[in-house]
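The residues making up each chain are set out below.
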Amino acid sequence: MVAFVSILALFVVAAIGKNTVLAMNSKIVSGLEGKVYYEKRVDGVLTLFSSDANLENEVLVYSHKGNGRDSYGSYNYNILDYHFDSESGRVDFIAMHDGEWSSFAIEDGESEVVLTGSFDFSEKSSETVFETDYISKTSGDRTLSTERGSIYLTENGKKTCIKKFYGIYDGKFTGYGAVGFSPDGDHMIYGSMGHLTPLGTMIEGLLTGDVGEKFIMEMATGKSAKYVDAQNIQWVSERD
């Protein structure tokens, strides 16, 4: 019990200190340009949203809740892969329809959804699989990679650690993970489990039911701030 309380106290102190630093760096987010699309869970369901890259003006693009029943008779409201086309303003996505994964389309800013076809995960033809272009780990001659919880930047053949993980690495419970660059390459989005040990992550999971967060790093300074708690982030620049 003493050990548990001590670990819990360390967890609280570390969380307060981390959040204080990140709050000081919040201006990093306020200066971001462009628009982002992303999926985040609402009542456990993966739902598609968009917002300005600085996370202002969040808009619900589409929720499939109430419209999906899988082949076993259970409900599955999740949106899987999606793609926003900046030229047409159309969003294509995969969701369940009559027991099958199917493709849908919706015009950005509209509410009417159109069923465009069935979706077969076993096939890779252009008729059944649309291209997604979530943010990339490559920008020009720079590439991001993750090794044992630390993030590395390779540029001109030279690899440098830009986010070092100090702790007990576990691929499921600890470490950082590179997500990708902003369109201009000036920022990097990455994920973190937020703890130095698997036990810390498991304790937070028991206390909050949710672990892991997304952050954004300013490449020029190495400073980070909290970013949208989401997955499959597509960042559209103002030039697109």
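The coordinates are above.
The structure presented is a predicted model; accordingly, all values stated were derived computationally and were not measured. (Residues numbered from 1 in each chain as written. Predicted model: local features only at pLDDT ≥ 70, side-chain atom pairs only at ≥ 80, totals over all residues. Heavy atoms only, no water.)

Here the focus is the sheet that holds strand 13 (residues 187-192). With antiparallel pairing, the four strands of this open sheet are ordered in space as 12-13-14-15. Where the open sheet ends on each side, the last strands, each with one partner, are strand 12 (176-181) and strand 15 (224-226). When the angles between neighbouring strand axes are averaged without regard to direction, this sheet yields 30°. Pairing geometry for strand 14 (residues 213-218) and strand 15, over three bridges, is antiparallel. Each residue of the ladder has a partner; that of isoleucine 216, found in strand 15, is alanine 225. (Pairing = 2+ DSSP bridges. Helix = DSSP H or I, 4+ residues; strand = E, 2+ residues; numbered from the N terminus. Axes fitted to C-alpha atoms, helices over the stretch in contact; angles between N-to-C directions.)

Counting 16 residues, the largest nonpolar core has Leu32, Val36, Tyr38, Ile189, Ile216, Tyr227 and Trp235 as the members making the most contacts within it. Residue contacts for tyrosine 227: discarding those within four places in its chain leaves Val29, Leu32, Val36, Ala53, Leu55, Ile189, Lys214, Phe215, Ile216 and Trp235. If you look at the next biggest cluster of nonpolar residues, it comprises 13 residues, including Leu48, Ile79, Phe93 and Ala95. (Core = buried A, V, L, I, M, F, W, Y, C linked by side-chain atoms within 4.5 Å. Buried < 20%, exposed > 50% of the residue type's maximum accessible area, 1.4 Å probe, protein only. Contact = heavy atoms within 4.5 Å.)

Now for the packing of aromatic side chains. In the structure shown here, the tally under the stated rule is nine aromatic pairs. Residues phenylalanine 93 and phenylalanine 104 carry aromatic rings whose centres are separated by 5.4 Å and whose planes lie at 10° to one another, so their mutual orientation is stacked. Of this pair, phenylalanine 93 sits in strand 5 (residues 90-97) while phenylalanine 104 sits in strand 6 (residues 100-107), placing them eleven residues apart in sequence. Comparing phenylalanine 93 with phenylalanine 104 shows no difference in burial state: the two are buried. (Phe/Tyr/Trp six-rings, centres within 6.5 Å; stacked < 30°, edge-to-face > 60°.)

Moving on, we get to the sheet that holds strand 1 (residues 35-42). In space, the four strands of this open sheet follow the order 3-2-1-16, with antiparallel pairing throughout. Because the sheet does not close on itself, it has two edges, and the strands there are strand 3 (59-62) and strand 16 (231-236). Looking at each pair of strands side by side, their axes are set apart by 30° on average, direction ignored. With four bridges joining them, strand 1 and strand 16 adopt antiparallel strand pairing. Paired with glutamate 39 across the strands is glutamine 231, a residue of strand 16.

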